Amino acid sequence: MPKNKGKGGKNRRRGKNENDREKRELVFKEDGQEYAQVIKMLGNGRLEALCFDGTKRLCHIRGKLRKKVWINQSDIILIGLRDYQDHKADVIMKYTADEARNLKLYGELPDNAKINDNFAQDDEHDITFDDISSNVVPAQNEENLFGSSDESEEEEDSEEDEGGGGSFYKAPPISKSDKMKQKGGALLDVDGI
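Counting restarts for each chain: residues are numbered from 1 in the order of the written sequence. Whole-chain, interface and lining totals are the exception, using all residues; otherwise, since this is a predicted model, local features are given only for residues with pLDDT of at least 70 and side-chain atom pairs are given and counted only at 80 or more. Hydrogens and waters are ignored; side-chain quantities use all the structure's heavy atoms.

> Quick question: what am I supposed to make of the packing of aromatic side chains here?
Given two aromatic rings, their pairing is described by the distance between the two centres and the angle made by the two planes. Side-chain rings of Phe, Tyr and Trp, where Trp is taken by its six-membered ring, are said to pair if the distance between their centres is within 6.5 Å; with planes under 30 degrees apart they count as stacked, over 60 as edge-to-face, and otherwise as tilted. Counted by the stated rule, this structure contains two aromatic pairs. Plain terms: the ring middles of Phe28 and Tyr106 are 5.7 Å apart, the flat faces sit at 70 degrees to each other, and that makes the pair edge-to-face. Of the two residues, Phe28 sits in the loop between helix H1 (10-14) and strand S1 (33-43) while Tyr106 sits in the loop between helix H2 (97-105) and helix H3 (142-146), which places them 78 residues apart along the sequence. Relative accessibility under 20% of the residue-type maximum defines a buried residue, over 50% an exposed one, and the middle range a partly exposed one, all with a 1.4 Å probe and only protein chains included. According to the relative accessible area criterion, Phe28 is partly exposed, its value standing at 34%. Plain terms: the ring middles of Tyr35 and Tyr95 are 6.0 Å apart, the flat faces sit at 50 degrees to each other, and that makes the pair tilted. Taken as a pair, Tyr35 in strand S1 and Tyr95 in the loop between strand S5 (88-94) and H2 lie far apart in primary sequence, 60 residues in all. In this structure, Tyr35 and Tyr95 share a single accessibility class: buried. To qualify as a helix, a DSSP run of H or I must reach at least 4 residues; to qualify as a strand, a run of E must reach at least 2; elements of each kind are numbered from the N terminus.

Below, the structure written as structure tokens:
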């Protein structure tokens, strides 16, 4: 069996993102670079982004960022443009929500750019509920629910007088001897079981 000579496996190489909470210097775009917002994640290290110069580009996440920096939909990213392919680009870095707000304050990003802390705050998916106390519907009579006629109402009134108690049909009580007859005449005590 081989001896372990290394310092750990792929989880160690991936790191613990300890430097994630540290404040880093804000990086501005240079010549050949552009700011963009992620429209759609395509998988296999690719994404579709809308650049702030108005072009939609297919972007490739470089190996340094793969599995270390997680990019989601609606994130603000910095991409490197290709000289030979205008509709394709490479992702250089991802900006946090605070960094993107700072870029907007400096005038680097346009005013119509949406910067969200998380994707669930999108305006298109807001759910509003009505106040049900003002929309209370008064209860209807049982006769109106079942569509009964005047003749059936008279029958129900007569049943209520006899002690029926409601508008639903109640079967007459069955005596013990009737229960035994229904079982085939055997002398079984049905109530005792």
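Now that the structure is up, let's keep going.
> Would you explain the nonpolar core in this entry?
One recurring pattern in soluble globular proteins: nonpolar side chains tend to sit buried together. Residues Leu47, Cys59, Ile71, Ile77, Ile79 and Val91 are the most contacted members of the largest nonpolar core, which totals 13 residues. For this core, the secondary structure elements donating two or more residues are S1, strand S2 (46-51), strand S3 (56-61), strand S4 (76-81) and S5. At three residues, S2 tops the list of elements feeding residues into this core. Once you skip the residues sitting within four places of it in the chain, Ile77 turns out to touch Glu34, Tyr35, Ala36, Val38, Leu47, Ala49, Ile71, Val91, Met93, Lys94 and Tyr95. Among the nonpolar cores identified, the runner-up in size contains ten residues, and Leu26, Ile76, Tyr95 and Leu109 belong to it. We call a set of buried residues a nonpolar core when its members are Ala, Val, Leu, Ile, Met, Phe, Trp, Tyr or Cys and they connect through side-chain atoms within 4.5 Å of each other. Contacts are assigned to residue pairs that have any heavy atoms within 4.5 Å of one another.

> Would you mind showing me how to read unusual backbone geometry here?
If a residue is not glycine, its phi is most likely negative; likewise, a peptide bond is most likely trans. Even without a glycine there, the phi angle at Asn44 is positive, about 60 degrees. Backbone geometry at Ser74 places phi at a positive 75 degrees, although glycine is not the residue there. Inspection of the secondary structure assignment puts Ser74 in the loop between S3 and S4.

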